[in-house]
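Spelled out, the chains give:
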Amino acid sequence: LRSYAPYTVAETTIAAPDGMRSGTGTGFRTVAGYIFGKNRPRGRTPSVKMKMTAPVRVSTTEAASR
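Definitions and cut-offs
- Residues numbered from 1 in each chain as written.
- Predicted model: local features only at pLDDT ≥ 70, side-chain atom pairs only at ≥ 80, totals over all residues.
- Heavy atoms only, no water.
- Helix = DSSP H or I, 4+ residues; strand = E, 2+ residues; numbered from the N terminus.
- Buried < 20%, exposed > 50% of the residue type's maximum accessible area, 1.4 Å probe, protein only.
- Contact = heavy atoms within 4.5 Å.
- Areas by Shrake-Rupley, 256 points an atom, 1.4 Å probe, with all protein chains shown as cover.
- Expected span 1.5 Å × (residues − 1).
- Patch = residues over 30% accessible without salt bridge, like charges linked within 9 Å, V, L, I, M, F, W, Y side chains within 5 Å.
- Salt bridge = Lys/Arg side-chain N within 4 Å of Asp/Glu carboxyl O.

A. Here's a closer look at the overall build of the protein. Along the backbone of the protein there are 1 helix and 0 strands. Within the span of the protein, comprising 66 residues, buried residues form 12% of the whole. Expressed as a percentage of contacts within the protein between residues at least 6 apart in sequence, the contacts between residues at least 24 apart total 23%. Carbon and sulfur atoms make up 53% of the accessible area of the protein, which amounts to about 6400 Å² in all.

B. How the structure looks around helix H1 (residues 20-35). With 16 residues, H1 ought to run about 22 Å at 1.5 Å a step, and its terminal C-alpha atoms sit 22 Å apart, in line with that. Turning to H1, its buried residues are Gly23, Gly27, Val31, Ala32, Gly33 and Ile35.

C. Broad picture of a nonpolar patch on the surface. The grouping of Met20, Phe28, Phe36, Met52, Val56 and Val58 at the surface amounts to a nonpolar patch, some 540 Å² of accessible area in total. Relative to the helices and strands, methionine 52 is located in the segment after H1.

D. How the structure looks around the environment of lysine 51. Of note, lysine 51 is situated in the segment after H1. Here the alpha-carbon distance between lysine 51 and phenylalanine 36, two residues 15 residues apart in the chain, equals 8.0 Å.

E. Inspection of the environment of serine 47 at higher detail. Along the polypeptide, serine 47 turns up in the segment after H1. For serine 47, a relative accessible area of 38% gives the class partly exposed. Residues serine 47 and isoleucine 35, 12 residues apart in the sequence, show an inter-C-alpha distance of 9.8 Å.

Structure, rendered in structure tokens:
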């Protein structure tokens with residue numbers, strides 16, 4: 001069993017009526033903006049930049065693929 005330090009996950013849900021490609025681009029830009037400082041943590045005024053140290057995962061839901 002391994003023990004890991006706490007970490008933050010940034011995620012978003014995008015409706016993509018034009019398909020996976022447009023949804024992926026929009027979703028990636030939204031999450032990247034958050035990671036690079038377009039965010040405001042609760043209780044703090046300035047935004048916080050985060051290190052992007054993990055790959056970006058993209059998935060669809062059954063509802064999104066209809």
